[in-house]
Amino acid sequence: MALLICENASLGYEGTPIVRDLNFTVEAGDYLCVVGENGSGKSTLMKTILGLIPPLSGAIRTGDGLQQTEIGYLPQQTPVQRDFPASVREIVRSGCQGRMGKKPFYGKEEKELAERNIARMGLEALADRCYRELSGGQQQRVLLARALCATRRMLLLDEPVAGLDPKVTAEMYRLIEELNKKDGITVIMISHDLDAALKYADKVLHIGSTVFFGTKEDYLKSKALSGLTQEVAE
């Protein structure tokens, strides 16, 4: 069952398109990696999926009852966000806000969900620590736990391993793969790490001067891949 459908969408800002005539479908349980040249519109696509900006034309819509407020999102971090003065528990609980409706305070259900996701990410010993005191890898696990509080169905990840050392990077990829394979959470991940994209994803969306959407196996044979690897080499 399709959770996300993109039909003839052109994306951009103030009437100026960055990506034109984009078509793809994300099925329940997919692991889709979004790759492409710098400035090709990958983050713009994420913002459009989240409903933060509208498509210039065409449509991106959810299916099978999925609401935009039910999509978990792990954005790229800015220096200001890394220095955020809140506890791990407070940040993870904030992921529940989309499911609270008009309730002004977290209830028992939200608090228990946050604690489960804190445990899932191995953060129990850090739950009362200040977020800005944590390492980069620990902060990313906190943000992943927060995103899990927002969804049981779809996660959007924007460069989730950027700036992390190889050991922590491998651990993050393991956690994301486990959420996809064991929990059945659909994953859409922007990545500059082409090797990881081809290792973990089952589908690839390449946007830029060439657009490709299809299986990982077909992407390996495509002109889009050869063009991207040539750019990286240069």
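Bear in mind the structure is a predicted one, so any value in this text is a computation, not a measurement.

### Observations regarding the nonpolar core
Here's step 1: Core analysis: the biggest nonpolar cluster contains 48 residues, and Leu144 and Tyr219 have the highest contact counts within it.
Here's step 2: If you tally residues by element for this core, the top one is helix H5 (residues 136-150), at seven residues.
Here's step 3: Ignoring anything within four residues of it in the chain, the contact list for leucine 144 reads Leu74, Met121, Leu155, Leu157, Met172, Leu175, Ile176 and Leu179.
Here's step 4: By size, the runner-up hydrophobic cluster in this structure holds 24 residues, among which are Leu66, Met154, Ile188 and Leu205.

### Some remarks on the confidence of the model for the protein
Here's step 1: Looking at the protein as a whole, the pLDDT averages 89, with 94% of positions reaching at least 70.
Here's step 2: Least confident of the elements in the protein is helix H9 (residues 223-233), whose mean pLDDT is 60; most confident is strand E7 (residues 186-190), at 96.
Here's step 3: Confidence over residues 230-234 falls short of pLDDT 50; this stretch has two contacts with residues more than four positions distant or in other chains.

### Section: the sheet that holds strand E1 (residues 2-13)
Here's step 1: With antiparallel pairing, three strands are arranged side by side in an open sheet as E2-E1-E4. The open sheet has two edge strands, strand E2 (16-27) and strand E4 (57-62), and neither has a second partner. Averaged over all pairs of adjacent strands, the angle between their axes in this sheet comes to 20°, without regard to strand direction.
Here's step 2: Of the pairings in the sheet, the one linking E1 to E2 comprises eight bridges and is antiparallel in character. Each residue of the ladder has a partner; that of glycine 12, found in E2, is proline 17.
Here's step 3: Contacts from helix H1 (residues 42-49) reach E1, E2 and E4, with the element oriented near 120° to E1.

### Digging into the pattern of salt bridges
Here's step 1: Across all of its chains, the model carries twelve salt bridges by this definition.
Here's step 2: Between glutamate 178 and arginine 174 there is a salt bridge, and its shortest N-O distance comes to 3.2 Å. With a gap of four residues between them, glutamate 178 and arginine 174 both fall in helix H6 (residues 166-181), about one helical turn apart.
Here's step 3: Three or more residues are tied together by salt bridges with common partners; here these are Arg120, Glu171, Arg174, Glu178, Lys182 and Asp183.

### Section: the sheet that holds strand E5 (residues 71-74)
Here's step 1: Taken in spatial order, the six strands make up an open sheet running E5-E6-E7-E3-E8-E9, and their pairing is mixed. Taken across any chain shown, the strands that pair with only one partner, and hence form the sheet edges, are E5 and strand E9 (212-215). The average undirected angle you get between the axes of adjacent strands in this sheet is 15°.
Here's step 2: Here H6 sits on the sheet and contacts strand E3 (31-36), strand E6 (154-158) and E7; the angle it forms with E7, its principal contact strand, is near 145°.

### What about the state of the cysteines?
Here's step 1: The full count for this structure, using the stated rule, is zero disulfides.
Here's step 2: Note on cysteine 6: no disulfide assigned, nearest cysteine sulfur contributed by cysteine 33 at a separation of 17 Å.
Here's step 3: Judged by relative accessible area, cysteine 6 falls into the buried class, the value being 3%.
Here's step 4: A residue is classified by how much of its surface remains accessible, and cysteine 33, at 0% relative accessible area, is buried.

### Here we look at H6
Here's step 1: With 16 residues, H6 extends 22 Å between its outermost C-alpha atoms, agreeing within 8% with the 22 Å of an ideal straight helix rising 1.5 Å per residue.
Here's step 2: All of the buried residues along H6 are Thr169, Met172, Tyr173, Leu175, Ile176, Glu178, Leu179 and Asn180.

### Observations regarding the side chain of serine 191
Here's step 1: With respect to the helices, strands and loops of the structure, serine 191 is situated in the loop between E7 and helix H7 (194-200).
Here's step 2: Only 2.9 Å separates the side chain of serine 191 from the backbone nitrogen of aspartate 193, close enough to count as a polar contact.
Here's step 3: Every residue in contact with serine 191, bar those within four places of it in the chain, is listed here: Val34, Val35, Glu159 and Tyr173.

### Points about the packing of helix H4 (residues 108-120) against H5
Here's step 1: At a minimum axis distance of 9 Å, the contact between H4 and H5 shows a crossing angle of 140°. In terms of their interaxial angle, H4 and H5 are classed as oblique. Of the two elements, H4 crosses H5, and the hand of that crossing is right-handed. When H4 is examined against H5, the residues Leu113, Ala114, Asn117 and Ile118 are found in contact with a partner set consisting of Ala145, Leu148 and Cys149.

### Side note on the environment of alanine 147
Here's step 1: The residue alanine 147 is located in helix H5 in this model.
Here's step 2: Taking the C-alpha atoms as reference points, alanine 147 and valine 92, 55 residues apart in sequence, are found 7.8 Å from one another.
Here's step 3: Once residues lying within four places of it in the same chain are set aside, the contact partners of alanine 147 are Gly72, Tyr73 and Leu155.

What counts and how
- Residues numbered from 1 in each chain as written.
- Predicted model: local features only at pLDDT ≥ 70, side-chain atom pairs only at ≥ 80, totals over all residues.
- Heavy atoms only, no water.
- Core = buried A, V, L, I, M, F, W, Y, C linked by side-chain atoms within 4.5 Å.
- Buried < 20%, exposed > 50% of the residue type's maximum accessible area, 1.4 Å probe, protein only.
- Helix = DSSP H or I, 4+ residues; strand = E, 2+ residues; numbered from the N terminus.
- Contact = heavy atoms within 4.5 Å.
- pLDDT = per-residue confidence, 0-100.
- Pairing = 2+ DSSP bridges.
- Axes fitted to C-alpha atoms, helices over the stretch in contact; angles between N-to-C directions.
- Salt bridge = Lys/Arg side-chain N within 4 Å of Asp/Glu carboxyl O.
- Disulfide = S-S within 2.5 Å.
- Expected span 1.5 Å × (residues − 1).
- Polar contact = N/O pair within 3.5 Å; in protein donor to acceptor, adjacent residues only side chain to side chain.
- Parallel < 35°, antiparallel > 145°, perpendicular 65-115°, else oblique.
- Left-handed = near helix turned anticlockwise from the far one by under 90°.

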